[in-house]
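Fold and contact review
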Number of protein chains: 4
Amino acid sequence: MTVNFAVLGAGRIGKVHARAIAGNPDARIVAVTDALPAAAEALSASTGAEIRSIEAIAKSADVDAVAICTPTDTHADLIELFARAGKAIFCEKPVDLSLARVQACLKVVDETKAPLMLGFNRRFDPDFRAVKAAVDRGDIGTVEMVTIVSRDPAPPPVEYIGRSGGIFRDMTIHDFDMARWLLGEEPDTVLAAASVLVDPAIGTAGDFDSVNVILRTASGRQAVITNTRRAAYGYDQRIEVLGSQGAVSADNTHQANIQIATATGYGRPPLLDFFMTRYVAAYANEIAAFIAALRDKTPMPVSGHDGLLALALAEAALKSVAEGRAVTVAEVTG
Amino acid sequence: MTVNFAVLGAGRIGKVHARAIAGNPDARIVAVTDALPAAAEALSASTGAEIRSIEAIAKSADVDAVAICTPTDTHADLIELFARAGKAIFCEKPVDLSLARVQACLKVVDETKAPLMLGFNRRFDPDFRAVKAAVDRGDIGTVEMVTIVSRDPAPPPVEYIGRSGGIFRDMTIHDFDMARWLLGEEPDTVLAAASVLVDPAIGTAGDFDSVNVILRTASGRQAVITNTRRAAYGYDQRIEVLGSQGAVSADNTHQANIQIATATGYGRPPLLDFFMTRYVAAYANEIAAFIAALRDKTPMPVSGHDGLLALALAEAALKSVAEGRAVTVAEVTG
Amino acid sequence: MTVNFAVLGAGRIGKVHARAIAGNPDARIVAVTDALPAAAEALSASTGAEIRSIEAIAKSADVDAVAICTPTDTHADLIELFARAGKAIFCEKPVDLSLARVQACLKVVDETKAPLMLGFNRRFDPDFRAVKAAVDRGDIGTVEMVTIVSRDPAPPPVEYIGRSGGIFRDMTIHDFDMARWLLGEEPDTVLAAASVLVDPAIGTAGDFDSVNVILRTASGRQAVITNTRRAAYGYDQRIEVLGSQGAVSADNTHQANIQIATATGYGRPPLLDFFMTRYVAAYANEIAAFIAALRDKTPMPVSGHDGLLALALAEAALKSVAEGRAVTVAEVTG
Amino acid sequence: MTVNFAVLGAGRIGKVHARAIAGNPDARIVAVTDALPAAAEALSASTGAEIRSIEAIAKSADVDAVAICTPTDTHADLIELFARAGKAIFCEKPVDLSLARVQACLKVVDETKAPLMLGFNRRFDPDFRAVKAAVDRGDIGTVEMVTIVSRDPAPPPVEYIGRSGGIFRDMTIHDFDMARWLLGEEPDTVLAAASVLVDPAIGTAGDFDSVNVILRTASGRQAVITNTRRAAYGYDQRIEVLGSQGAVSADNTHQANIQIATATGYGRPPLLDFFMTRYVAAYANEIAAFIAALRDKTPMPVSGHDGLLALALAEAALKSVAEGRAVTVAEVTG
């Protein structure tokens with residue numbers, strides 16, 4: 001079986017997913033679309049796929065699945081449209097920045113029973129998968145603590161900050177998902193602290209650039225997440241899980257695996273400094289997992305509900321900072 | 001100049017300090033004491049020093065300094081006694097488990113102007129000092145975040161838990177001191193989460209065994225501390241400081257610096273699993289620093305006030321757990 | 001400009017190179033061939049290229065370049081054929097196992113001025129290139145010593161040993177090339193020791209499985225190569241270059257970049273254990289370099305002469321083992 | 001039982017051994033001697049031991065053992081003197097630079113049955129012992145290859161080179177001993193290459209500064225040793241043993257176990273750069289092993305014969321370089 005895709009959005013991430021689909025032996029791209037004609041044409045040229053309108057794609061009998069790579073504020077509408085059109089949907093995270101809108105959208109997905117996978121790419125990174133596999137094999141006993149350090153090489157443009165939903169919804173959201181995935185229990189309480197240390201303009205825009213978050217589950221398992229918008233040495237992405245019988249961790253990826261020793265000491269290159277190079281394998285694996293789930297008719301490896309719960313943690317973190325107290329997830333999901 | 005010491009307490013830690021003093025070219029031990037005659041005799045035999053009563057030591061003209069290595073609940077009284085007797089005082093941490101008692105004791109120390117150094121040994125670990133030196137040299141720019149992972153190999157006996165003052169006052173206290181030392185600003189707010197995951201008996205005793213703490217300073221710098229009472233792989237002691245231009249970290253110390261590669265993978269030995277082997281150099285360096293400060297008439301590298309502030313953070317952490325909210329240091333110091 | 005390729009040989013390595021060519025934006029495959037019709041058909045199906053005979057390819061006006069991926073004993077004849085046919089040639093190493101045959105073949109290449117690149121893939125490994133770049137930048141001063149450890153995970157089938165030309169021509173040949181590349185001077189003397197330690201059948205076949213080689217240049221620079229046909233922990237590929245001001249080294253690649261710590265110690269996964277996974281990036285880079293050299297009309301990054309000199313070192317090593325003495329390269333090249 | 005020592009030679013290494021003896025609970029120093037009165041007096045003052053002449057020490061009933069730390073050219077005579085005087089002997093390596101003189105000296109030792117331990121300190125380094133323990137436990141199966149990298153931070157003064165016996169007898173000798181210790185079989189053939197790359201004055205003095213050596217045992221096991229007199233990054237001391245089921249290695253020791261990450265990459269401090277700091281534990285352990293062997297009446301852990309065989313390998317290496325061929329140990333031991 002070959003899955004026929006339409007790729008919606010021909011920007012940076014759309015091209016990444018298009019390449020992954022084109023390289024997958026069980027899939028091909030039949031249609032592309034983008035609000036900018038030039039972008040659509042470029043992607044059409046490199047993939048050989050037709051340019052069609054969104055409406056035409058929704059009606060195309062030869063399209064089995066859509067990959068939604070458009071701006072965030074279009075995601076929920078497109079998910080609803082294609083769910084009703086009977087297509088399988090791969091959507092870049094997030095569904096929406098508003099919890100209420102996500103809940104409404106997922107209601108449509110549930111009603112239509114449309115297969116929906118949300119693009120939390122980190123779950124598909126080979127090293128993080130190896131961590132998860134070790135946890136699942138019981139190598140470290142019962143999970144107790146998850147520690148995540150996640151730092152961007154440099155902050156995004158301040159104009160992006162304004163429409164990002166803020167650091168918790170934009171950046172920590174990935175770590176919330178990783179924490180949920182690794183804790184093996186749902187966090188029910190959130191404690192967070194947030195500062196502006198990197199760039200005062202981020203504060204002026206109403207956001208933070210340096211945060212720490214503690215998550216706690218009902219049985220007392222905890223996760224601690226440390227995020228900053230600037231790490232001079234590259235894109236810092238580390239996770240560790242402590243269990244009753246040990247710990248498993250994934251370390252960073254350097255630009256090359258070499259070492260230079262001189263009179264001043266031993267040096268290694270900085271880390272990969274861009275999420276697309278750091279997670280190049282993760283992006284390919286995630287599309288492969290979506291295709292495999294469609295082919296094998298198994299549940300999607302990341303559901304819309306996963307997106308909802310990560311967003312709820314972000315809301316709770318924001319409330320925790322604002323009110324200086326522990327906030328339960330129930331308080332924000334209503 | 002040679003500093004003449006009396007060692008008070010001939011137990012495990014007393015022997016460690018006695019060895020460090022005996023090996024220091026600028027110091028010697030002239031008297032020892034212990035409530036247990038056999039312990040006092042053993043230490044007297046190995047050091048060649050006389051056994052004297054505490055009262056006699058306080059009156060001994062040939063004693064310049066005392067090393068207080070007795071049980072915690074005697075520390076404050078002994079500090080006051082020897083401060084009034086005009087002796088220089090090295091005291092194992094803590095001064096006391098009660099913040100009010102510490103405050104009263106330090107009032108006496110201030111009035112008598114007695115030199116007092118508190119034994120926060122980690123500040124004297126060669127690797128942690130190298131981290132501090134890098135920070136002080138400006139290698140990483142302005143400090144923003146401190147991350148401390150500190151895990152014991154195994155919990156202490158439950159009967160000890162009862163008189164330990166609890167995990168924050170007994171274990172995290174070291175990390176509070178490290179955080180203060182490395183942040184370069186006083187933390188003013190504490191957020192903490194605490195669980196019982198290792199042994200339910202610890203919970204029955206009214207304590208926790210797994211905690212995470214976030215500290216925040218007035219300018220927004222943060223420290224995050226993760227503690228557990230059990231790490232199957234040894235005594236886990238890591239610190240990292242992130243600054244505007246980079247990060248510096250100290251890694252763990254393994255039992256040997258070897259690697260065994262077989263069909264199942266690459267293996268390294270577990271960590272050193274006892275604080276006395278892990279911090280053997282720190283203990284020697286800390287006594288040397290005390291002696292050097294006396295000799296050079298410079299301020300003590302760790303003051304009673306440092307002990308007070310670390311304890312205040314512990315109190316605030318405890319209150320944060322109890323009340324589920326951010327607690328300021330001012331709330332607990334009154 | 002697009003380079004039109006014919007791929008000769010549709011076996012394991014032919015498929016690797018076909019994939020690299022297909023993925024290169026400046027190249028495409030127009031023809032494939034293989035002695036086994038089924039193999040040719042499979043490669044034709046996956047690439048969309050026509051099946052043609054070798055003779056037809058030599059005469060095809062639409063073929064600019066050939067990738068020779070056929071058995072070793074056909075390489076020299078094919079190189080001569082396609083050099084005379086005016087095609088650019090990428091040939092898997094070696095040109096031939098006989099030094100005299102290589103010399104004769106390269107004479108034809110020189111006469112026809114055909115562009116010929118030999119597939120010493122390791123020069124294109126990202127980590128080894130980073131080592132070379134550090135050397136070329138002068139990071140370690142003047143090169144003095146090169147140390148290469150190269151171990152296969154497991155020996156090849158004994159029947160392969162018989163037609164491999166022996167360990168020096170089959171396995172060490174890669175390290176001879178790396179040594180030449182990194183020393184910055186031609187080795188003129190070879191000292192070698194060889195044993196059978198892994199499998200007596202390898203000895204019965206007239207070969208060795210465990211060797212050490214020292215190369216020396218006229219100015220006294222040295223390289224030492226250690227090879228074995230079995231490393232339980234994976235495909236062990238390390239290089240180090242020592243210079244007057246330091247050293248640079250490339251370490252191995254593990255199956256995942258994770259660490260599991262338990263009561264028995266810290267473990268990392270074994271190494272990648274197959275040359276095709278270990279050198280996946282190298283294979284893609286090497287074809288890209290061939291295409292770029294054709295496009296830019298620059299010299300081939302690895303010439304037939306490089307193949308000849310590596311083979312001469314292998315011959316000298318063999319003679320050194322047989323005669324128990326230092327052998328000069330001049331003795332074998334005549 | 002307490003072993004009473006006389007320390008012969010109060011220079012750098014004499015002080016190291018004196019400190020180790022003084023710190024050992026089963027030993028004490030009763031006498032010291034040195035050709036320079038000031039040196040003898042200083043050591044006497046710091047140890048509390050009497051100054052006695054060599055002759056007096058030989059006749060002292062209260063001296064059980066001597067530690068010979070005098071210049072190399074006195075070792076053989078002193079060993080013979082004290083062997084005949086019935087003392088146990090710890091002697092810094094080497095016994096002598098002349099193989100014939102060593103053989104004559106060991107004949108006296110054998111006749112007198114005097115306990116003699118030679119100071120090959122590296123066998124007592126904790127990391128190298130952990131390597132040996134792994135080999136002895138069978139963790140890596142049957143030993144096949146030993147790889148030793150040993151580089152000094154900087155060459156010794158050229159005047160020292162002249163009386164050192166040359167790099168093989170002075171520096172490689174340690175690695176020959178390690179190779180013998182780890183191979184588990186006696187090497188019978190030596191191949192060596194030697195260059196002058198660091199300082200032409202070393203060549204003028206008749207020596208080399210950069211060498212590689214291959215040792216081979218009767219069954220085909222091999223060791224490869226790479227030595228240079230200069231490593232800008234510190235005192236480089238690495239060993240690796242490959243066996244049929246894996247490999248075990250010991251890595252270098254850095255000045256501190258920290259890492260600094262900035263925009264230019266990750267940095268670690270250089271290596272310890274002095275043999276006395278690098279091998280501080282080894283020196284203490286080696287004296288303890290000598291004392292333990294005396295106390296337990298077990299064989300000395302390093303015999304005079306070990307010194308003889310390491311020296312024979314050095315002679316064979318020198319001959320291999322001179323004659324450009326493989327040299328057997330039998331050729332030099334006669």
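Residues numbered from 1 in each chain as written. Chains lettered and ligands numbered in written order. Predicted model: local features only at pLDDT ≥ 70, side-chain atom pairs only at ≥ 80, totals over all residues. Heavy atoms only, no water.

Here we look at the sheet that holds strand β6 (residues 116-119) of chain B
All names here are of chain B.
- Pairing is parallel in the open sheet, where six strands are placed in the order β3-β2-β1-β4-β5-β6. Every interior strand has two partners, whereas the edge strands, β3 (50-51) and β6, have only one.
- Sheet topology places strand β1 (residues 3-8) next to strand β4 (residues 65-68); four bridges connect them, and they run parallel. Residue Leu8 lies in a different strand from β4, and its bridge partner there is Ile68.
- Sheet contacts for helix α4 (residues 75-84): β1, β4, β5 (88-92) and β6; angle to β5, the most-contacted strand, approximately 170°. (Pairing = 2+ DSSP bridges. Helix = DSSP H or I, 4+ residues; strand = E, 2+ residues; numbered from the N terminus. Contact = heavy atoms within 4.5 Å. Axes fitted to C-alpha atoms, helices over the stretch in contact; angles between N-to-C directions.)

Thoughts on the relation of the copies chain C and chain D
- When chain C is fitted onto chain D, the two copies agree to an RMSD of 0.0 Å after a turn of 180° and an axial shift of 0.0 Å. A rotation of that kind, with that shift, is consistent with a two-fold axis. Taking C-alpha positions as reference, the residue of chain C nearest the rotation axis is Arg325(C), located at 1.9 Å.
- Interface overlap between copies is the fraction of interface residues in one copy that are interface residues in the other; for chain C against chain D it reaches 100%, indicating a shared surface. (Least-squares fit on C-alpha atoms with pLDDT ≥ 70 in both.)

Considerations on the packing of helix α4 (residues 72-84) of chain D against helix α5 (residues 99-112) of chain D
Residues and elements named next belong to chain D.
- Following both chains from N to C, one finds α4 and α5 inclined at 10°, their axes separated by 9 Å at the closest point. For the element pair α4 / α5, the angle class is roughly parallel. Counted together, Ala76, Asp77, Ile79, Glu80, Ala83 and Arg84 of α4 and Arg101, Ala104, Cys105, Val108, Val109 and Thr112 of α5 form the full contact between these two elements.
- Taken together, the residues of the contact of α4 with α5 break down into seven nonpolar, one polar and four charged. (Parallel < 35°, antiparallel > 145°, perpendicular 65-115°, else oblique. Nonpolar A, V, L, I, M, F, W, Y, C, P; charged D, E, K, R; others polar.)

A short note on the pairing of strand β10 (residues 222-228) of chain A
Residues and elements named next belong to chain A.
- By the criterion of burial, β10 is predominantly enclosed, with seven of the seven residues buried.
- In β10, alternate side chains face the same way, and those of Gln222, Val224, Thr226 and Thr228 on one face and Ala223, Ile225 and Asn227 on the other are all buried.
- Sheet topology note: the strand β7 (residues 143-151)/β10 ladder contains seven bridges and is parallel. When the bridges of β10 are listed, Thr147 appears paired with Val224.
- Judged from the seven bridges that link them, strand β9 (residues 210-217) and β10 form a sheet pairing that is antiparallel. Following the sheet pairing, Val211 is matched in β10 by Asn227.
- In textbook terms, the turn of a hairpin is the stretch between consecutive antiparallel strands, and for β9 and β10 this stretch comprises four residues, one of which, Gly220, has a positive phi near 100°. (Buried < 20%, exposed > 50% of the residue type's maximum accessible area, 1.4 Å probe, protein only.)

Things to note about the sheet that holds strand β6 (residues 116-119) of chain C
- Reading across from one edge, β3-β2-β1-β4-β5-β6 (chain C) is the order of the six strands in this open sheet, with parallel pairing throughout. Bordering the open sheet on either side are β3 (50-51) and β6 of chain C, each of which pairs with just one other strand.

A closer look at the interface of chain B and chain A
- Taken together, the contacts link 38 residues of chain B with 38 residues of chain A.
- Carbon and sulfur atoms supply 56% of the area buried between chain B and chain A, which totals about 2900 Å² over both sides.
- Together, Met145(B), Leu197(B) and Asn212(B) form the three largest contributors to the area buried by chain B at its contact with chain A, with a combined 17%.
- The tally of links from chain B across to chain A stands at six salt bridges.
- Our count for the contact surface shared by chain B and chain A stands at 19 residue pairs in polar contact (both at pLDDT 80 or more).
- Per element, the largest residue contribution to the side of chain B that touches chain A is six residues, and it comes from strand β9 (residues 210-217) of chain B. (Buried area = accessible area lost by both parts, 1.4 Å probe. Salt bridge = Lys/Arg side-chain N within 4 Å of Asp/Glu carboxyl O. Polar contact = N/O pair within 3.5 Å; in protein donor to acceptor, adjacent residues only side chain to side chain.)

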